[in-house]
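Structure assessment
Here is what each chain is made of, one letter per residue.
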Amino acid sequence: MTPSSDDALLPLEAVRPAQSSKDTKGAPVPAPDKPVARVVVDSPLPHLDRPFDYLIPEPLHAVAEPGVRVRVRFAGKLVDGFLLERVGESEHEGKLTPLERVVSPERVLTPEIAGLARAVADRYAGTLTDVLRLAIPPRHAKAESESPPTPPTSPPPAYVPPVPPASTSPAAPGSPTPASAPPTSAAPPPIPPDRTAAAPASTSPAAPAAPAAPAAPAAPAAPAASAPHASTPPASTPTGPLPPARTPPTSTAAPAPTPTAAPATSTPTPPERPAVPPASTSPAAPGSPAPAPVAPSASAFTAPASTVPTAHTTARQAASGAAARSAASVTPPGATAPGATAPGTTAPGTTAPGTPTPGAAVQFVSAWDAYPTGPSFLDALRNGRTPRAVWSALPGARGWAGAIAEAVRATLDGGRGAVVVVPDGKDVALADAEFARLLGPGRHVALTADLGPAERYRRWLKVLRGHVKAVVGTRAAMFAPVAELGLVAIWDDGDDLHAERLAPYPHAREVLGLRAHRTGAGMLIGGYARTAEATQLVASGWARPIVAARTTIRSLAPRVRPAGEDAELAKDQAARQARLPSIAWRALRVGLDSGPVLVQVPRRGYLPALACQHCRMPARCVLPPTRTALGEPSQTAVPQAGRGPSQTVMPQAGRGPSQTVVPLGPSQTLGPSQTLGPSQTLGPSQTPGSSQTLGEQGGPLCHGPLALRGGHTAPYCRWCGRVDAAWRCPSCGSPRLRAVVTGARRTAEELGRAFPSVPVRTSGRDGVLASVPATRALVVATPGAEPVAEGGYAAAVLLDGWALLGRADLRAAEETVRRWMNAAALLRPAAELVVLGDAALPSVQALLRWDPITHAERELGDRAELGFPPAVRMATLTGAASAVRQMLEEVRLPPDAQVLGPVPVDESGQERAMIRVRRAGGAALAAALKGASGVRAARKTPDVVRVSVDPLDLI
C-alpha cells in the first residue's frame, strides 16, 4: 500500500506517532533554581581535566550545594566527584545526565581551596582531581555525623614568655628577665570585638579607665559551610575582595602611643615591650645597625604590589638588597631598638646591655625582639596587613616553635587565621605544645598522618566549620580550609619532606606562596639555613629578610672547629685518616662533664656499604632475582646453606633430581653478572669477567649493594634481602670485607665502648626521640632526627662530612649546610662544635661564620650562571625510551625552551629528558606538557611518561 499524496505533503511531526507515556515516566524533574551542576569528576586522565555539567533533580535541590561530595554516572560507571558550582544553563546542547545522589551535605570544598587546587594543577602540569585528592581527606561518616563541639568562648591566656635555655655562663649585664618584667607587660593584646563576638570584653590593668567610644557595628563573619560559592576565578587574581574586617575599625584602633602619655581608646591597648627602652641615652652596640627614624604609620613589612616574582635577579643584587634592608631597621611606634638601655639602668663603668658577650645568655621578653624588624612584623600581622618575610632563626637552643606561635597569636589577634607547615611529626609535636601554651586549649589543631582517618577528619572538620582558625601540621596541612587566612608559614623549607610524593608532586613552599598571593595573606619562610628559592624571593622584592644583628648571632652561635685544621694535624698525624680524630674525642669528653652531647651521623643502619678489603671493589650481590616475570626461579647459580664457600648448586629447568655441583677454586668466583648453564663449568685457568654471561639460559643477577645488620651477622643484600654468606670478591677472590660507610648504630656501638659509664641513646629510622633530659648522655642521631635537649647540648660532633658534600646532587652543598645548622642550633651558646670537613670549603665556612645568607646568595648566583632552578623553570620527562622520545616530538614547547637529553636513568631502559625555560615561560611549559599528556592519554598509549615540574632531584 502506497501512502496517499495528502500524507506525503504533511510535515514530519504530524506523521510521527504520539509520544507514549512510558517515555516520560520516571524522567527527573529539574530543580526550580539553577538546575545545572558543574562537577569535577574523579578521573586521573589529563584530557578529562575539566568540569562536566549534570542535571540537578528536584529532590536534591536543597542538598546539592557547591562544595559537596556527589556520585555521578560517568562513562557508564558510578564515580565520585565534587560539585563546584550551580548555574542556570548549560552550554551542552544535548540531554544532561542527572546527579545520582549527594554523598554528604557537608560542603568540604570551599571556593578558596577550589581556586588554589586549580592554580596548583596548572603550575605543576597536573589535574585538578589529583590536587583535590591531596587537599581533602577521605570522608569518615561517623566523625562527620558527630555533633560539633562548642568553640572556645574564653579569651586567650596571657602571654607567657618562653623560658630561656639553661646556660652555665652568667647573663649579659642589663638583660631583662621574665621575673623583672612589670605585671602589665604580660597581658596580651585583646582580640578586636568584631572578630570574637562570644568572647567577653576584658580590661587591661595597663590602660586607665576611659569612657567607651561608640564603635561601628561589624557584620558577623558567615561560617564556611554557608558561604556562597562562586565560579573559580583565574589563578592570577584573588578569589574575591578581601574581608572588610582585615582593616581594624577606626573606632577601636589605638592611635600611635607617645613616650609621655597613653591615649584613651575604646578597647585596651597592647602593653609596651619592657625590653625596648629609649635609645637616646646609651650609644649603640658596635656593629649593630642603627634604627632609622620612621613615621608612626610606617612599617618594614608594608606589602608591595601582589605580583609573583618572575624576573631573574643575580646574586649581587640579592646581596645588595639584603644589606640595604637589614641596615634600615624599623622600630615599632612607642618603642626603641633592641639592645638600647633605658635611662638609669646602666651602671657607670659597665658594658652597654645592647652589646652581648659571647657565651652569655641573651634573654628577650619576646622571641621577635632579637630581630630589628621582628616587632614590626608582628604589628603588621596584628593590624591586618600582609607581610611576607624570610626569617633566619637564631641558634643557641632558643627553639623556633615559640616565635612562630607568637606570629600565629598576632594573626589571631587581628581576627584572621593561620596555617603552619613543618617537615615531620616531631616538629608538629614541638609546635603543638607551644601553640597550646600560648594560644590556650581548643584554639588550634594539629594535622598529621599518624592520627588515623577518623581523628584526622574530625580535626579537619573543626577547621572547615570555623571552630578553630589556626592549623599546624605536615605538608598535607597546606590545603587546610582556614577561613579569612592571614598568615601562611613554613619551617625549614629546604627539607625534602615538604615535596609531595604523589602527582603532580607539588612543594609546600610553592603552594603556600600561591595561596598567600591569591588570598592576600602574609607569609613567613623560616629556618636556620636559607634555600636558594627563599633567596630568590628576597632578591626579587616579593619578601623581605628578618635577620638578627651580627653581635647577637655571635653571642648565641656555637664555637665551630673543623677537624682538618693544620694545627690539629700537626699535633695528631693520625687525625687525617681517623674517622673520629682527637679533637672530636676531647670535645665529647669535655661536653659530657656538663650535659648531653650530640653526634650526627649522615647514614643510618650498622654498615650500609661494604667493599673488598683487598682491592676496595664495592661488594655486590651475585644471587639471582627472587622470581622472574613468569613466576619461576631463575636458571642461575644459587648458593645453598650448609655448603662450603666454594660450592655452588646449579638448579635445572626440569623437576628431575639432576643437579650439577660446580666446585670453584680459591680464586675462582662468579662475576657480578655471570651465570652458568646446566652443563658449563669454569676451568682452572678461566678468569670470570665482570660483564660476561655464561650460558644462554642464564638470567640477570641482583647486583644490589651488600650491608651488615650487626657485628656478628653475615652480609645481606639491600635490594633482594637475602643473605650471601659465601660472597667472594669477583676481582681478586678475597672473602674479606671492609666498611665503606659507617652507620649510626655502629657509631653508637663504638662510642658505647669508648665511654662505658655514659648512656648512649640513638634517634633515627628505628625510633625518633623528640627530646632528651639535661643529664649526661651520648645522643647519636641521623640528620633530621636530632632530639631537642633540655637546656641545649653541651657539645656536638658532625661526622662524615664527605658523605654529605660528595653526593651527586644539585643541592648537595645547600643540603649539607641545612643539616649542619639544624644540628648546631640545638647547642648552648658558645658550645663547642666539631665538624669533620675541610675548613676551606664554602659549606664549612658558612657554618664557621654562621652566615647561611651569603652561602645561599652564592648558590643562587652559581645556579643562575649554569641555568638551574630557581633561576629558571625546569621540567623532567621520565619513562620508557620510546615514549619519552615520542612525547618530545609531539609536544609544542615554548620558543625559548631548551631540551637536554634524553639520557638513561637505570638498567631497566628508563630514560629522562629535561626541558628548561625562563621563569616567565613556566606557565606555558606546564600547559604544553599537560596538553601532550592529554593527547597520549586520549590515544590510550600504554607507556606512561612521568611529568615533574621543578623536581628536587635534578642530578
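Residues numbered from 1 in each chain as written. Predicted model: local features only at pLDDT ≥ 70, side-chain atom pairs only at ≥ 80, totals over all residues. Heavy atoms only, no water.

Some details on the overall build of the chain
Within the chain, the secondary structure is distributed over 23 helices and 30 strands. The buried share of the chain, reckoned over its 955 residues, is 49%. Within the chain, contacts between residues at least 6 apart in sequence are counted, and of these 74% link residues at least 24 apart. When the accessible surface of the chain is summed, it comes to about 44200 Å², and 56% of that surface belongs to carbon and sulfur atoms. (Helix = DSSP H or I, 4+ residues; strand = E, 2+ residues; numbered from the N terminus. Buried < 20%, exposed > 50% of the residue type's maximum accessible area, 1.4 Å probe, protein only. Contact = heavy atoms within 4.5 Å. Areas by Shrake-Rupley, 256 points an atom, 1.4 Å probe, with all protein chains shown as cover.)

Remarks on helix α21 (residues 852-866)
Taking 1.5 Å of rise per residue, the 15 residues of α21 would be expected to cover 21 Å, and the 21 Å separating its terminal C-alpha atoms lies within 8% of that figure. Inspection of α21 places Pro852, Ile853, His855, Ala856, Glu857, Glu859, Leu860, Gly861 and Arg863 among the buried residues, and these make up the whole buried set. Just downstream of α21, Gly867 is the residue with a positive phi angle, here 80 degrees. (Expected span 1.5 Å × (residues − 1).)

A closer look at the UniProt feature "binding site: Zn(2+) 1" (unreviewed entry) in the chain
Per the UniProt record, "binding site: Zn(2+) 1" (unreviewed entry) is found at Cys612, Cys615, Cys729 and Cys732. Spanning 121 residues, the annotated positions come together in the fold, the maximum distance between their C-alpha atoms being 8.7 Å. Of note, Cys615 is situated in the loop between β15 (609-612) and β16 (647-650). Filtering out sequence-adjacent residues up to four positions away, Cys615 remains in contact with Cys729, Ser731 and Cys732. For Cys729, a relative accessible area of 0% gives the class buried. (UniProt positions renumbered as here; feature names shortened; annotations may be inferred.)

A look at the UniProt feature "binding site: Zn(2+) 2" (unreviewed entry) in the chain
Summarizing the sequence annotation, UniProt attributes the feature "binding site: Zn(2+) 2" (unreviewed entry) to Cys621, Cys717 and Cys720 in the numbering used throughout. Spatial clustering of the annotated residues is evident: they stretch over 100 residues in sequence, but the largest pairwise C-alpha distance comes to 8.7 Å. Here Cys717 is to be found in strand β19 (residues 716-717). With relative accessibility at 1%, the residue Cys717 sits in the buried group. Ignoring sequence-local partners within four residues, the contact set of Cys717 consists of Cys621, Cys702, Gly704, Pro705, Leu706 and Arg722. Look past the residues within four positions of Cys720 in its chain and what remains in contact with it is Cys621, Thr626 and Cys702.

Things to note about the environment of Pro51
Residue position: Pro51 is located in the loop between β1 (36-41) and β2 (52-55). The class of Pro51 is partly exposed, set by a relative accessible area of 44%. In sequence terms Pro51 and Gly81 are 30 residues apart; their C-alpha atoms lie 9.8 Å from each other. Residues contacting Pro51, with those up to four places away along its chain left out, are Arg38, Val39 and Leu84.

Thoughts on the sheet that holds strand β11 (residues 522-527)
An order of β8-β9-β7-β10-β11-β6-β12 is seen for the seven strands of this open sheet, with the pairing classed as parallel. The open sheet has two edge strands, β8 (445-447) and β12 (544-546), and neither has a second partner. Going from strand to strand, the sheet's axes swing by 20 degrees on average, the running direction of each strand aside. Pairing of strand β6 (residues 388-392) with β11, which is carried by five bridges, proceeds in the parallel orientation. Bridge pairing in β11 links Ala389 to Leu524. (Pairing = 2+ DSSP bridges. Axes fitted to C-alpha atoms, helices over the stretch in contact; angles between N-to-C directions.)

With respect to the nonpolar core
Among the nonpolar cores identified, the biggest contains 71 residues, and Leu109, Val120, Trp460, Val471, Phe479, Leu877 and Leu929 are the most heavily contacted of them. Ranked by the residues each element gives to this core, the list is headed by helix α4 (residues 111-123), at six residues. Once you skip the residues sitting within four places of it in the chain, Leu929 turns out to touch Ala125, Ala875, Leu877, Met887, Val891, Leu893, Ile915 and Val947. (Core = buried A, V, L, I, M, F, W, Y, C linked by side-chain atoms within 4.5 Å.)

Topic: the sheet that holds strand β23 (residues 778-781)
Spatially, β13-β26-β25-β14-β23-β21 is the arrangement adopted by the six strands of the open sheet, whose pairing is parallel. Edge strands, defined here as strands with exactly one partner in the open sheet, are β13 (559-562) and β21 (760-763). Each neighbouring strand pair of the sheet contributes to a mean axis angle of 20 degrees, computed without reference to strand direction. Note: β21 against β23, four bridges, orientation parallel. Following the sheet pairing, Ser763 is matched in β23 by Ala781.

Remarks on the packing of helix α8 (residues 374-382) against helix α9 (residues 401-413)
Relative orientation of the contacting elements α8 and α9 amounts to 35 degrees, with a least axis distance of 7 Å. The residues of α9 that touch α8, namely those facing Phe377, Leu378, Leu381 and Arg382, are Glu406, Ala407, Ala410, Thr411 and Asp413. For the contact of α8 with α9, the per-class residue count stands at five nonpolar, one polar and three charged. (Nonpolar A, V, L, I, M, F, W, Y, C, P; charged D, E, K, R; others polar.)

Considerations on the pattern of salt bridges
Under the counting rule described, the total for this entry stands at 45 salt bridges. Across the pair Arg123 and Glu510 runs a salt bridge whose closest N-O atoms are separated by 3.7 Å. A residue pair is termed long-range when its members are at least 10 positions apart, and Arg123 in helix α4 and Glu510 in helix α12 (residues 508-519) qualify at 387 residues. Residue Arg123 is classed as buried on the basis of its relative accessible area of 16%. A residue is classified by how much of its surface remains accessible, and Glu510, at 25% relative accessible area, is partly exposed. Each of the salt bridges in this network shares a partner with another, and the network as a whole consists of Arg123, Asp493, Arg509, Glu510, Glu533, Arg811, Glu814, Glu859, Arg863, Arg873 and Asp950. (Salt bridge = Lys/Arg side-chain N within 4 Å of Asp/Glu carboxyl O.)

Focus: the packing of α4 against α12
The geometry of α4 relative to α12 is characterised by a closest axis approach of 10 Å and an angle of 130 degrees between their N-to-C directions. Between α4 and α12, the crossing angle belongs to the class labelled oblique. Judged by the sense of rotation from one axis to the other, the crossing of α4 with α12 is right-handed. Residues Glu112, Ile113, Gly115, Leu116, Ala119, Val120 and Arg123 of α4 form the contact with α12, whose participating residues are Glu510, Val511, Leu514, Arg515, Arg518 and Thr519. The residue inventory of the contact of α4 with α12, partitioned by class, reads six nonpolar, two polar and five charged. (Parallel < 35°, antiparallel > 145°, perpendicular 65-115°, else oblique. Left-handed = near helix turned anticlockwise from the far one by under 90°.)

A word on the packing of aromatic side chains
Considering all chains together, one arrives at 10 aromatic pairs under this definition. An angle of 40 degrees between the planes, with centres 4.9 Å apart, marks the rings of Trp368 and Trp391 as tilted. In this pair, Trp368 is assigned in the loop between α7 (315-327) and α8 and Trp391 in strand β6, connecting sequence segments 23 residues apart. Residue classification places Trp391 among the buried positions, given a relative accessible area of 2%. With centroids separated by 5.7 Å and ring planes inclined at 50 degrees, the aromatic side chains of Trp391 and Trp491 adopt a geometry described as tilted. Here Trp491 lies in strand β10 (residues 485-491) and Trp391 lies in strand β6, a separation of 100 residues in the sequence. What makes Trp491 buried here is its relative accessible area of 4%. Counting every residue linked through ring pairs, the aromatic cluster contains Trp368, Tyr371, Phe377, Trp391, Trp400, Trp491 and Tyr528. Across the ring face of Tyr124, the terminal group of Arg123 is positioned such that the distance to the ring centre comes to 4.6 Å. The ring centre of Tyr716 lies 3.6 Å from the NZ or CZ of Arg709, which sits over that ring. (Phe/Tyr/Trp six-rings, centres within 6.5 Å; stacked < 30°, edge-to-face > 60°. Lys NZ or Arg CZ within 6 Å of the ring centre and 35° of its normal.)

A closer look at the confidence of the model for the chain
Taken over all residues, the pLDDT of the chain has a mean of 74, while the share at 70 or more is 65%. The element-level mean pLDDT for the chain is lowest in strand β17 (residues 660-663), coming to 32, with strand β7 (residues 417-421) highest at 98. Predicted confidence is poor over residues 158-299, with pLDDT under 50, and the contacts of this stretch with residues over four places away or in other chains come to 201 contacts. The model gives residues 302-362 a pLDDT under 50, and that stretch makes 123 contacts with residues more than four places away or in other chains. (pLDDT = per-residue confidence, 0-100.)

Quick notes on α12
Under the 1.5 Å per step criterion, the end-to-end length of α12 is 16 Å for 12 residues, consistent within 8% with the ideal 16 Å. Most of α12 sits out of view: 11 of its 12 residues are buried. Taken together, the buried positions of α12 are Ala508, Arg509, Val511, Leu512, Gly513, Leu514, Arg515, Ala516, His517, Arg518 and Thr519. Where α12 is buried, its residues touch α4, β7, β10, β11 and α13 (532-540). One or two steps after α12, the chain reaches Gly520, where phi turns positive at roughly 75 degrees.

Focus: unusual backbone geometry
As a rule of thumb, non-glycine residues mostly have phi less than zero, and peptide bonds are mostly trans rather than cis. The step from Ala503 to Pro504 runs through a cis peptide bond, and the omega angle for that step is 5 degrees. Mapped onto the fold, Pro504 is located in the loop between β10 and α12. Even without a glycine there, the phi angle at Glu484 is positive, about 50 degrees. Although it is not a glycine, Asp492 sits at a positive phi angle of roughly 55 degrees. Judged by its relative accessible area of 9%, Asp492 falls in the buried class.

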